[in-house]
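# Examining the three-dimensional arrangement
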Amino acid sequence: MTDLQLGLLVIGGLAVVAVLAYNRRQERAARRQAERAFGGSRHADVLLQEPQSRREPTFHAQGEAMPDERVDYIVELKLLRALAAASMLEPWRPVEQRFAARVSLSGSDGEGWRRISAGDPGYCTDLRAALQLVTRVGPVSEAELVEFRSAVETLAARIGAAVSAPEMRRALDAARELDRSCADCDVQVALHVLGVPAAQELGEQPFRVAPREDGLTLTLDVARTAEPGRAFQAMTRTARQLGGRLVDDNGNALDERTLAAIGAQLEAVRQTLADRGIEPGSALALRLFS
């Protein structure tokens, strides 16, 4: 094989990453356009959820993750007197029904913060109401943030609490900057293994496995995967062990040199996220790339 042919294979491998990153950005844009078309807001459809129940998030570890000022707009409420934590849920419910899993309510009695849930036996002197500013859909709009803050201020007046909140313009600017960074790192890599049975059980893997007419597709969601470099190695190792022909989206064969080039690109993505304090696969990353 000539150097020119090898170079073309490497370029093709890098295109796997570039095309998938481009597709992800297009998906983000399409989601935003759809939301604007259907009313310009992300109101929860109250006809599709139980009015008295929390709609749990669809991404792993969100329920356990505490609000983070890099991702959330956090309003602090100082209670005039200690109140039962569970009693906060009723005045909080309208906020939660409006924004669903993007909001959280935490409480503290001076011994540390915890997410408030039904049946919480403790008391709170401080609360934190948080709205997640960025997801794969994009950043929240100014109107949404104004609505959230207004709703929390109404809650504070109802329970008798002093409110302290960040400046909204600065929070929106930071959210848009973070969203741009996340869009550039929102990469999935797909390897197609041709000529193998589509119905195979590969066990638990750090990548997704999907059947296709002529084999299998292995896909790695980089930002949502811990140690994506090692996960990519596991994915390529599995692809080789299956024994079929390994190709990219265009049907071009992928050799070791091309796969190594893709791995280097994934390390660059990981480093970009790490520079912003976001470890792929972490609770923070799972929230951002939900």
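These remarks concern the structure in this document. (Residues numbered from 1 in each chain as written. Predicted model: local features only at pLDDT ≥ 70, side-chain atom pairs only at ≥ 80, totals over all residues. Heavy atoms only, no water.)

### A closer look at the overall build of the protein
To be explicit about the condition: Only DSSP runs of H or I covering at least 4 residues are called helices, and only runs of E covering at least 2 are called strands; the numbering of each starts at the N terminus. Any residue under 20% of the maximum accessible area for its type is buried, any over 50% is exposed, and the rest in between are partly exposed; the area is computed with a 1.4 Å probe on protein chains only. A contact between two residues is defined here by any heavy atoms of the two lying within 4.5 Å. In short, Shrake-Rupley with a 1.4 Å probe defines the accessible areas, and a residue's cover is counted only from the protein chains shown.
Of the regular secondary structure elements, the protein holds seven helices and 11 strands. Across the 290 residues of the protein, 45% fall into the buried class. In the protein, the proportion of contacts linking residues at least 24 apart, taken out of those at least 6 apart, comes to 72%. For the protein, the computed accessible surface area is about 15,000 Å², with 52% contributed by carbon and sulfur atoms.

### Quick notes on the pattern of salt bridges
Threshold: When a carboxyl oxygen of Asp or Glu is within 4 Å of a side-chain nitrogen of Lys or Arg, the pair counts as a salt bridge.
Within the structure shown, the criterion is met by 18 salt bridges. Across the pair Arg276 and Glu177 runs a salt bridge, and its minimum N-O distance is 4.0 Å. Taken together, the residues span a long stretch of sequence, with Arg276 in the loop between α6 (256–275) and α7 (283–288) and Glu177 in helix α4 (residues 168–185) at a distance of 99 residues. We note a salt bridge from Glu267 to Arg270, for which the minimum N-O separation is 2.9 Å. Of the two residues, Glu267 and Arg270 both sit in helix α6, three residues apart, roughly one turn of that helix. Several salt bridges share partner residues, and in doing so they unite Arg136, Asp186 and Asp221 into one network.

### Considering unusual backbone geometry
Phi is positive for Ala100, close to 55°, though the residue is something other than glycine. Mapped onto the elements of the fold, Ala100 is located in the loop between α2 (89–99) and β2 (103–108). For Ala100, a relative accessible area of 8% gives the class buried. Positive phi values are uncommon outside glycine, yet Glu227 reaches one of about 45°. Looking at the secondary structure, you find Glu227 in the loop between β10 (215–221) and α5 (228–242).

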